[in-house]
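Coordinate analysis (summary)
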Amino acid sequence: MASYSANMNVMMGAARKAAVRLKRDYGEVDQLQVSRKGPADFVTAADIRTEKILREELGRARPDFGFLMEESGEEAGSDAAKRWIVDPVDGTTNFVHGIAHFAISIALEEDGELTAGIVFDPINELMFSAEKGAGAMLNDRRIRVSARQSLAESLFATGIPFKGRKGQDNFLPAMEAVMNHSAGIRRFGSAALDLAYVAAGRYEGYWENGLQAWDIAAGIVLVREAGGLVSEVNGGSGMLSSGSILAATPALHGTLGNLVRRGEP
Ligand code: 2AM
Ligand code: CA
């Protein structure tokens, strides 16, 4: 049996509790597809409901910690050094469209450093978790990044810019370079799960720009604890503030960075 710290148990418990209602809501999205108003408002309500449950559960267990949450923003705690970074539903567009690929993401930041993270896919019951120094797990089993070395056999994930997200002029050349040298590119629509999949060795790497701190905070801990490397696309370390991320196995992080930045490996 895997054993977890008290904070990890708090995070996993909160996610499992919030997931009960979220799954029920997801089951109703399908029926809403046909209604004229569509599911968007309903999903916003589900998002807010999920965040409220997470806020209550985490706040009850750790009353001193602060929060950074997608829907309700920043909330200072009496312990200024600790805060939860929470995305109630990462992959909202999938949720709206009845595609079962989304997750609850919770990270713990202590003294400005990410120390723990969980990404929970409630439909497939996949609990990805990691704590600094303790490794990364998927449903109580240890996970590691992929050992694949060959770029030609490697699979990468990315996020395709949408609705004119700014500053992404370089996306098409980057994608062209990666597709010309790798086994393929996937775009599944949840940054948190993309990072969890890198941690679990499913993708060799992942890059995306224009994200928010709550999309990636937990996934960063997962990839690092699974033995992978995480930086901004330009190589810097300010992922949470810039929303730029490049995560990969140690063997391929430099190569993926080269492909994305300058079009060759
Ligand atoms: P979300 O589902 O919580 O919105 C997909 O490319 C990733 O981008 C998802 O993790 C998604 O998170 C995030 N995302 C979606 N809309 C966004 C926006 N307007 N700004 C930043 N990130 C966004
Ligand atoms: Ca998100």
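For the structure, check the block above.
**Quick notes on the sheet that holds strand S2 (residues 73-75)**
Strands sit in the order S2-S1-S3-S4-S5-S6-S7-S8 across an open sheet of eight strands; the sheet is mixed. This sheet does not close on itself; its edge strands, each paired only once, are S2 and strand S8 (141-143). Each strand axis lies, on average, 20° off the axis of its neighbour in the sheet, ignoring direction. Bridge count between strand S1 (residues 66-69) and S2: three bridges; the pairing is antiparallel. Bridge pairing in S2 links Met 69 to Gly 73. Packed on one face of the sheet, helix H5 (residues 191-199) meets strand S3 (82-90), strand S4 (103-110), strand S5 (113-121), strand S6 (126-131) and S8 and runs near 100° to S5.

**Examining the coordination of the calcium ion (ligand 2)**
Only Asp 87 (OD), Asp 90 (OD) and Asp 215 (OD) from the protein coordinate the calcium ion (ligand 2), and they sit 2.0 to 2.2 Å from it. All donors to the calcium ion (ligand 2) come from one chain, and their sequence spacing reads D-x2-D-x124-D. Residue Asp 87 is located in strand S3, and its partner Asp 215 is located in helix H6 (residues 213-225); the two are separated by 128 residues in the primary sequence. In this pair, the class of Asp 87 matches that of Asp 215, namely buried.

**Examining the pattern of salt bridges**
Per the counting criterion, the structure on display carries twelve salt bridges. For the salt bridge of Lys 17 with Glu 57, the shortest nitrogen-to-oxygen distance reads 3.3 Å. Pair noted here: Lys 17 is in helix H1 (residues 6-32) and Glu 57 is in helix H2 (residues 40-61), with a separation of 40 residues, a long-range link. Overall, Lys 17 belongs to the partly exposed group, its relative accessible area being 46%. We classify Glu 57 as buried; its relative accessible area is 17%. One salt bridge connects Lys 52 with Glu 56, and the closest N-O pair in it is separated by 3.3 Å. Highlighted residues: Lys 52 and Glu 56, both in helix H2, separated by four residues, approximately one helical turn. Each of Lys 17, Glu 57 and Arg 60 takes part in one network of salt bridges that share partners.

Thresholds applied
Residues numbered from 1 in each chain as written. Chains lettered and ligands numbered in written order. Predicted model: local features only at pLDDT ≥ 70, side-chain atom pairs only at ≥ 80, totals over all residues. Heavy atoms only, no water. Pairing = 2+ DSSP bridges. Helix = DSSP H or I, 4+ residues; strand = E, 2+ residues; numbered from the N terminus. Axes fitted to C-alpha atoms, helices over the stretch in contact; angles between N-to-C directions. Contact = heavy atoms within 4.5 Å. Donors = N, O, S within 2.8 Å, 3.2 Å for Na, K, Ca; no water. Buried < 20%, exposed > 50% of the residue type's maximum accessible area, 1.4 Å probe, protein only. Salt bridge = Lys/Arg side-chain N within 4 Å of Asp/Glu carboxyl O.

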